Amino acid sequence: MAELTTPALRMTIRRFSTEAVLCSEMLAAGAVAAHAPHNAPLIQKLPGDDPFIYQLVGANPAVMARACGILEELGCFSIDINMGCAAPDILKTGAGAGLLANPDRAREVVRACRGAVKGALSVKMRSGFADSDGDRLVEFGRMLQGEGVDFITLHGRHAKLGFRRSADWGLVKLLHESLSIPVIGNGDITSAQIAASRLRESGCDAVMLGREGVKSPWIFALCERALGGDARPLTVDVCDVFLDTLRAIESLLPEKLHRSRGHRFAFYYSGNAHFSHELFTRIRKEISIDGMARAVAKYFDRNPGERVREFRVNTGDGS
Ligand SMILES: Cc1cc2nc3c(=O)[nH]c(=O)nc-3n(C[C@H](O)[C@H](O)[C@H](O)COP(=O)(O)O)c2cc1C
């Protein structure tokens, strides 16, 4: 996820789960192919990152193929093609969700990438560009499967929706039942119980968590416990996780990225605080990690009862 799935957040998630498949930030194929120096911190992979997916965005088949080759050399679980991003600067190049509106170009991109990647190639997509039509979704999914894509992650909202309405898990079920390759469902999972229900109800092969994985990096451990019938509670020092992740941003990324990555992480993670708006407003005024960490420490000093939390999962029927 852009500006979120930094090496720092990934390190935090690994404290709670060694099994979750982690993902890079979205990488511009042009920058990867050109070996742009500013891209190096985004491409870096930590020893603990595996299993790890590199995600690429682009609409030029030759450039995408070159970037795939470079990333595959670094070793990964899969190279993922972004067909979901609806940011205006991405759409104007025809990339991201723009590929959903142009199946011929999408096919060319996938074909070129398939030719360049020996290992797994995947696609992360929305359910459509301007609407979610089940027949067209299945047709598009079959095209991807026919071109040799190994698995698809589906966010059940079309691109024009942004994050409005609820993700449509009926579309995840439909795509899963229509294809022979694995389909991973995504959208609006906010607890281990919901993850287990979505898996069961849609029959999909796995689930992907976005925003909740940033707000609650321990949710991956809770999901593993819920699925494994492990009812042990999980105790988390919410303040320590906040500070450790900010410090990791400081140590693992160049200074010019501290502000954007610190603020972006804090925007979601502050949701754990009772007075989240107040906390984030203070953090947003800070441009250095030191300043952000001071704001966090001060908040938890004033609200010590919010520091440690215990999480339990329902190991019953998962509903
Ligand atoms: C700030 C932000 C950045 C995102 N960046 C990416 C991205 O780079 N690549 C991608 O495939 N999806 C990206 N997404 C979409 C998420 O992967 C996911 O599909 C979406 O948030 C729905 O899942 P969720 O409800 O679990 O968050 C992003 C979402 C957010 C909120």
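Note that the structure is a prediction, hence the values are computed from the model and not measured.

### Quick word on the site of the ligand
- By nearness alone, 18 residues border the ligand, and Gln55, Asn186, Asp188, Gly210 and Arg211 come closest of all.
- Take Asn82: an N or O atom from its side chain is 3.2 Å from a nitrogen atom of the ligand.
- The backbone of Gly210 places a nitrogen or oxygen atom 2.8 Å from an oxygen atom of the ligand.
- Of the residues belonging to the shell around the ligand, the class tally is eight nonpolar, six polar and four charged.

### Examining the pairing of strand 4 (residues 121–126)
- In terms of burial, strand 4 is a largely internal element, five of the six residues being buried.
- Taken together, the five bridges between strand 4 and strand 5 (residues 151–155) define a ladder with parallel strand orientation. Paired with Arg126 across the two strands is His155, which belongs to strand 5.

### Thoughts on the packing of helix 9 (residues 192–202) against helix 11 (residues 219–228)
- Between helix 9 and helix 11, the least distance of the axes is 8 Å, while the angle of their chain directions is 55°. When the axis of helix 9 is compared with that of helix 11, the two are oblique. Both helix 9 and helix 11 take part in a crossing whose hand is right-handed. Of helix 11, the residues touching helix 9 (which contributes Ala192, Ala195, Ala196 and Leu199) are Ile219, Leu222, Cys223, Ala226 and Leu227.

### Some details on the pattern of salt bridges
- For the structure shown, the criterion picks out 23 salt bridges.
- Notably, a salt bridge pairs Arg10 with Asp49, separated by 2.7 Å at the nearest N-O pair. Residue Arg10 is found in helix 1 (residues 7–16), and its partner Asp49 is found in the loop between helix 3 (40–43) and strand 2 (52–57); the two are separated by 39 residues along the sequence.
- Since its relative accessible area comes to 2%, Arg10 is described here as buried.
- Judged by relative accessible area, which is 1%, Asp49 ranks as buried.
- Across the pair Glu201 and Arg198 runs a salt bridge whose closest N-O atoms are separated by 3.6 Å. Here Glu201 and its partner Arg198 are both found in helix 9, three residues apart, which amounts to about one turn of the helix.
- Arg198 gets classed as partly exposed once you look at its relative accessible area, which sits at 27%.
- Beyond isolated ion pairs, a larger network of salt bridges with shared partners links Glu3, Glu25, Arg261 and Arg264.

### Some thoughts on the domain arrangement of the chain
- Domain parsing of the chain yields domain 1 (7–227) and domain 2 (235–306).
- Computed over C-alpha atoms only, the centres of domain 1 and domain 2 are separated by 27 Å.
- Listed as interface residues are 18 residues of domain 1 and, on the opposing side, 17 residues of domain 2.
- Taking both partners together, domain 1 and domain 2 bury about 1500 Å²; carbon and sulfur atoms supply 72% of that area.
- Per-residue buried area on domain 1 facing domain 2 is highest for Ala8, Lys215 and Trp218; these three make up 33% of the total on that side.
- The interface formed by domain 1 and domain 2 includes two salt bridges.
- Here Arg261 makes a salt bridge to Glu25, at a shortest N to O gap of 3.0 Å.
- On inspection of domain 1 and its partner domain 2, the count reaches five residue pairs in polar contact (both at pLDDT 80 or more).
- Put simply, the parts of the chain that give the side of domain 1 that touches domain 2 at least two residues each are helix 1, helix 3 and helix 10 (211–215).
- In terms of residue count, helix 1 provides more of the side of domain 1 that touches domain 2 than any other element does, seven residues in total.

### Notes on the pairing of strand 6 (residues 183–186)
- Burial along strand 6 is two-sided: the residues Val183 and Gly185 and Ile184 and Asn186 are all buried.
- Across four bridges, strand 5 lies against strand 6 in parallel orientation. The partner of Leu154 across the bridge, within strand 6, is Gly185.
- Chirality of the crossover, the property in question, places the unit of strand 6, helix 9 and strand 7 (residues 206–208) among those that are right-handed.

### What to know about the nonpolar core
- Ranked by internal contacts, the top residues of the largest apolar core, which has 96 residues, are Leu56, Ile81, Met83, Met125, Leu144, Trp218 and Phe242.
- Of all the elements, helix 12 (residues 238–252) adds the most residues to this core, at seven residues.
- Residues from two domains meet in this core; each of domain 1 (7–227) and domain 2 (235–306) gives at least three.
- The residues touching Leu56, leaving out its near neighbours within four places in the chain, are Leu27, Ala29, Val32, Met64, Ala67, Cys68, Leu71, Ile79, Asp80, Ile81 and Asn82.

### Quick word on the packing of aromatic side chains
- The final tally for this structure, using the stated rule, is eleven aromatic pairs.
- Plain terms: the ring middles of Phe242 and Phe265 are 5.7 Å apart, the flat faces sit at 90° to each other, and that makes the pair edge-to-face. Of this pair, Phe242 sits in helix 12 while Phe265 is found in helix 13 (residues 258–269), placing the two residues 23 residues apart along the sequence. An identical accessibility class is assigned to Phe242 and Phe265; each is buried.
- Aromatic side chains Phe267 and Tyr268 sit 5.0 Å apart centroid to centroid with 90° between the ring planes, which places their arrangement in the edge-to-face category.
- A residue is classified by how much of its surface remains accessible, and Phe267, at 48% relative accessible area, is partly exposed.
- Residue classification places Tyr268 among the partly exposed residues on the basis of a relative accessible area of 21%.
- One aromatic cluster in this structure is built from Phe16, Trp218, Phe242, Phe265, Tyr269 and Phe311.

Each value, and the rule that gives it
Residues numbered from 1 in each chain as written. Predicted model: local features only at pLDDT ≥ 70, side-chain atom pairs only at ≥ 80, totals over all residues. Heavy atoms only, no water. Near = heavy atom within 4 Å. Polar contact = N/O pair within 3.5 Å; in protein donor to acceptor, adjacent residues only side chain to side chain. Nonpolar A, V, L, I, M, F, W, Y, C, P; charged D, E, K, R; others polar. Buried < 20%, exposed > 50% of the residue type's maximum accessible area, 1.4 Å probe, protein only. Helix = DSSP H or I, 4+ residues; strand = E, 2+ residues; numbered from the N terminus. Pairing = 2+ DSSP bridges. Axes fitted to C-alpha atoms, helices over the stretch in contact; angles between N-to-C directions. Parallel < 35°, antiparallel > 145°, perpendicular 65-115°, else oblique. Left-handed = near helix turned anticlockwise from the far one by under 90°. Contact = heavy atoms within 4.5 Å. Salt bridge = Lys/Arg side-chain N within 4 Å of Asp/Glu carboxyl O. Domains from an automatic or database assignment. Buried area = accessible area lost by both parts, 1.4 Å probe. Right-handed = clockwise from strand over helix to strand, strands pointing away. Core = buried A, V, L, I, M, F, W, Y, C linked by side-chain atoms within 4.5 Å. Phe/Tyr/Trp six-rings, centres within 6.5 Å; stacked < 30°, edge-to-face > 60°.

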